[in-house]
Amino acid sequence: MSSIIKIPFGPQHPALKEPENFMFKVDGEYVVDVTPRIGYAHRGIEKALEDRTYIQDLYLIERICGICSHAHTTCYTQAVEEALKVDVPPRAKYIRTIVTELERIHNHYFWLGIVAHEIGFETLFMYTWRDREIVMDLLELLSGNRVQYAMNMIGGVRRDITPEISSKIMKGVKVLGERMKYYKKICSDDKTILARSVNVGILKTKDAISLCAVGPTLRASNVKRDVRADDPYAAYDEIPFHVVTYDGCDVASRIATRCDEVIESVEIIRYALEHLPTGSIEVIVSRVVPPAEIISRVEAPRGENLHYLRSNGTDKPSRYKVRSPTLANLTALCKMLIGGYIADIPIVIAGIDPCFCCMDRLTFVDINNDETWGWEGEKLRRYGIKWYKKQ
Amino acid sequence: MVQEAIISLLQIVIFPGFLFLILAAFFYEWVDRKFVARLQNRYGPLHTGPRGLLQPFADFLKLLSKEDIIPYAADKLLFSAVPIFLLSLPLTALFCIPIINSTALISFEGDLILVIFITTIIVISVFIGAWSSTNRFSTVGGMRACLQMLGYEIPMTIAMAGPAIVAKTLSISKIVQWQTTGLWFILTQPLGFIIVTICFLAELQKIPFDIPKAETEVVAGWLTEFSGKKLALLRLAEDLELVLAGSIMASLYLGGPAGFSFMPPFVWFIIKLTVCILILSNLRALFARFRIDQLMRGVWKYLTPLALLQIILVELIPW
Amino acid sequence: MNSLSKDYQDIIERLKKEIGSENLIGYEIPRPRRIWFSVRKEKLVDAITHLVGKGFVHLSTITGLEDENGLEVIYHLNRKGLEASLKVEVPVKQPVLPTITPIIPGAILYEREVHELLGVVFSGHPNLSLLILPEDWPKGVYPLRKKWTHKEIKKKLSRRT
């Protein structure tokens, strides 16, 4: 006799670093159906953006996500610059590219550690996170910050790259590239990793396209689509690089794709540093943006990032929409999970590199200009007790 | 008469009895943590005591002082009894292991069977603990622990029969005594040693077989609901299990306290025990976690036939 | 650039032929790799089917917004680097649009998002339950509509608890 049991996964769960809920229907050890419920980290950023000036919005956009903060601000500044019809100096474009790629390296190292943790390979987790310190140090050297780099301004970047910093970055990324080659070898050789990743979380090419997956998840399903190559922004039209694809359609391919992307990023950074144009790094821009409708796309470490801006001739946007890669991959994720084992849930979820706080930004309440009102702890606690009694 | 009684009492309570075993448990937890940490390029325990030596003890004390929560829906009696079971079982088994000389505190014909039986009862207690706490994650963890036991127990028992067959005894002490005259069994039965090592990794629920406690899948597995004093006792029990596993390996395959006469037998035992525990820790740092179905398949497909092969080899080859 | 714009003109002409020139309200090519269409909502499904058939298989997202003229829903379709955005105006009185999930299964969450935050109903959508907002969110409060300012939402929520 088979019976279907419902298992909740999250919002609080050690495999998820952020709060999100997946309701699984399982039959024995197999997953039959899954329903995602997002919104636990919903901060109402989209609504809040409409109440703030473009300068203030820049800071808010930076805080959509902790890991890909630079990708979001690049997308935002590009949109606003296009609306203002401003051309950013080439040097600023190159610096943006360098930070974007450093961020990608950081993200992929971070992700590899998480994947190792999900399959219980603690040693690989410790090693990758140790090496991640190198790239964080480089970013700190460059921007002054380890996570929220705040490098972008509307009309350019905030800090310049001096020759000393440049040589330090060169040295750092060399180490990072070599280490990643070593990790890639481990991930393609080690029996236990292969046992947990090959043929796990299958997303066929056809499904990947029809479910609109993005980023490394899509490229691991053998679709050559990368915003950097297709719709070049910053300095990507001048820098040669390969778009990495794998045709395994499983978690092992996703690991390999990201490993190769790091190696590719190292080359991009080297090229950009060697060909860094001279000149200023910023232009002065007006605070008022003429009416326009702009779509800006950026290849964030996790995939395509799309921002939509509608300005109305004031210093505040009329509508600003953010679509982060995780939301795009969520439907594809559900497809991957169905038919798999319960024990594979964490690794499959981690496989798309989810960032739930990116995904959950949209609209809501907590943000208010003049007073903080949100729910204080006590009120929230009472509400929680009441809610659960009803259940 | 009185003197003998006092000595045997001291032996049971202090050395090599309770006090020594518990101290050894704390020490080997430190060895385990520190060694794995160094392999993983971390520092491990650092601040409490010299090189963090007292950290496991400090953790124990800290947990003792923490709030002890019993879930509302739990079976309170069983839930409270399980930590005590789990603490006393490995201690009992350890009394059957010869430590200071070639005769253990408790030694009788058939104590090997008792020790194997106790390792099974430990898993059953784990299951009872998981079941009585009524947590979903605990239940899944407990089920997994039992399922895992069904896999590893049979090859482990078969492999352990190897030394017993050769020494023609079912007493651990006599197996150890046999090895003082003959060869160590690791030399004649290396396959059995490897099988027992792998099975103990599963028994101790260490990576790559920490499936019942897989943090990212089932939180803390069967341990999820335990807190405060109970968790402290359970952690101590786990350390004792580690010592037990190392001692069984050292006794059955490395000759227990036997060694050259320039050092007392007890020191030889400690050295061998440390080696065995380092083997168990070292393996932990090398692998990722298997899935339960992969473990079962591997155990039934490879380990059990290999264990049988070892027994056949023992029968065929005279030593 | 010239051949590119010819290519874009071709896409526009074909779409015009497919749905009829009276249903294509307007179009615009602001810069390379961007095309904006504006279509009548009756012809939305036809237009998207046509574009998907022409290789615009990737739906980046669906943006919903409210301005002076009412609600507007924008479908961001994508073929390699070429981004085609399809605008549809929706009356505030009766905000109903046909779902496009049979054509693009990936639209399922985006439609739910627009439904939740702007109150546009997608007829034929398999499941329009709450995705982002809390379970007990008051009915009829659509946070992204201009009417629901922070103050209004706050008032509504505080009355509830």
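Conventions used here
Residue positions are given per chain, counting from 1 as you read along its sequence in written order. By the order in which they are written, chains take letters starting at A while ligands take numbers starting at 1. Under the rules for a predicted model, residues below a pLDDT of 70 receive no local features and side-chain atom pairs below 80 are neither given nor counted, while totals for whole chains, interfaces and linings still include all residues. With hydrogens and water stripped out, all remaining heavy atoms of the structure feed into the side-chain values. Starting at the N terminus, helices and strands are each numbered in turn, a helix being any DSSP run of H or I of at least four residues and a strand any DSSP run of E of at least two. In this scheme, a residue with accessible area under 20% of its type's maximum is buried, one over 50% is exposed, and one in between is partly exposed, where area comes from a 1.4 Å probe on protein chains only. Here, two residues are considered to be in contact whenever any of their heavy atoms come within 4.5 Å of each other. Here the accessible surface of atoms and residues is derived via Shrake-Rupley with a 1.4 Å probe, and residues count as covered only by protein chains that are part of the display. Summed over both partners, buried area is the accessible surface (1.4 Å probe) that two parts give up on being assembled. Salt bridges are defined as contacts in which a side-chain nitrogen from Lys or Arg sits within 4 Å of a carboxyl oxygen from Asp or Glu. For this analysis, a polar contact is any N or O atom pair within 3.5 Å, provided that within protein one partner can donate a hydrogen and the other can accept it, and provided that sequence-adjacent residues contribute only side-chain to side-chain pairs. Put simply, Ala, Val, Leu, Ile, Met, Phe, Trp, Tyr, Cys and Pro go in the nonpolar bin, Asp, Glu, Lys and Arg in the charged bin, and everything else, Gly too, in the polar bin. Strand pairing follows a simple DSSP-based rule, namely that at least 2 bridges must link the two strands.

Asks: I'd like to hear about the overall build of chain A, residue by residue, with values.
Replies: Looking only at helices and strands, one finds 15 helices and 8 strands in chain A. Counting over 391 residues, chain A shows a buried share of 62%. Contacts in chain A between residues at least 24 apart in sequence constitute 71% of all its contacts with a sequence separation of at least 6. Accessible surface, chain A as shown: approximately 14,300 Å² in total, 55% of it carbon and sulfur.

Asks: Outline the interface of chain B and chain A, listing residues and values.
Replies: Listed by partner, the interface residues are 22 residues for chain B and 27 residues for chain A. Carbon and sulfur atoms supply 54% of the area that chain B and chain A bury against each other, a total of about 2,200 Å² over both sides. Linking Asp344 of chain A and Arg291 of chain B is a salt bridge whose minimum nitrogen-to-oxygen distance equals 2.8 Å. Connecting chain B to chain A are 9 residue pairs in polar contact (both at pLDDT 80 or more). Those elements giving two or more residues to the side of chain B that touches chain A turn out to be α6 (136–167), α10 (215–218) and α13 (292–316) of chain B. The residue makeup of the side of chain B that touches chain A, split by class, is 10 nonpolar, 4 polar and 8 charged.

Asks: Just give me the short version of the pairing of strand β5 (residues 82–90) of chain C, but keep the residues and values in it.
Replies: Residue and element names in this part refer to chain C. Burial of β5 is extensive: 8 of the 9 residues sit out of reach of the surface. Summarising the sheet, strand β2 (residues 34–39) and β5 pair through 6 bridges and their orientation is parallel. The residue of β5 that forms the bridge with Arg34 is Glu83. Taken together, the 9 bridges between strand β4 (residues 70–79) and β5 define a ladder with antiparallel strand orientation. Residue pairing in the sheet places Val73 in a bridge with Val88 of β5. The loop that links β4 with its antiparallel partner β5 comprises 2 residues; one of these, Lys80, has a positive phi angle of about 50°.

Asks: I'd like a rundown of the environment of Met136 of chain A, residues and numbers included.
Replies: All names here are of chain A. Inspection of the secondary structure puts Met136 in helix α5 (residues 122–143). Linking Met136 and Pro232, residues 96 residues apart in sequence, is a C-alpha distance of 26 Å. Contacts of Met136, omitting those with residues within four sequence positions, involve His106, Arg146 and Val147.

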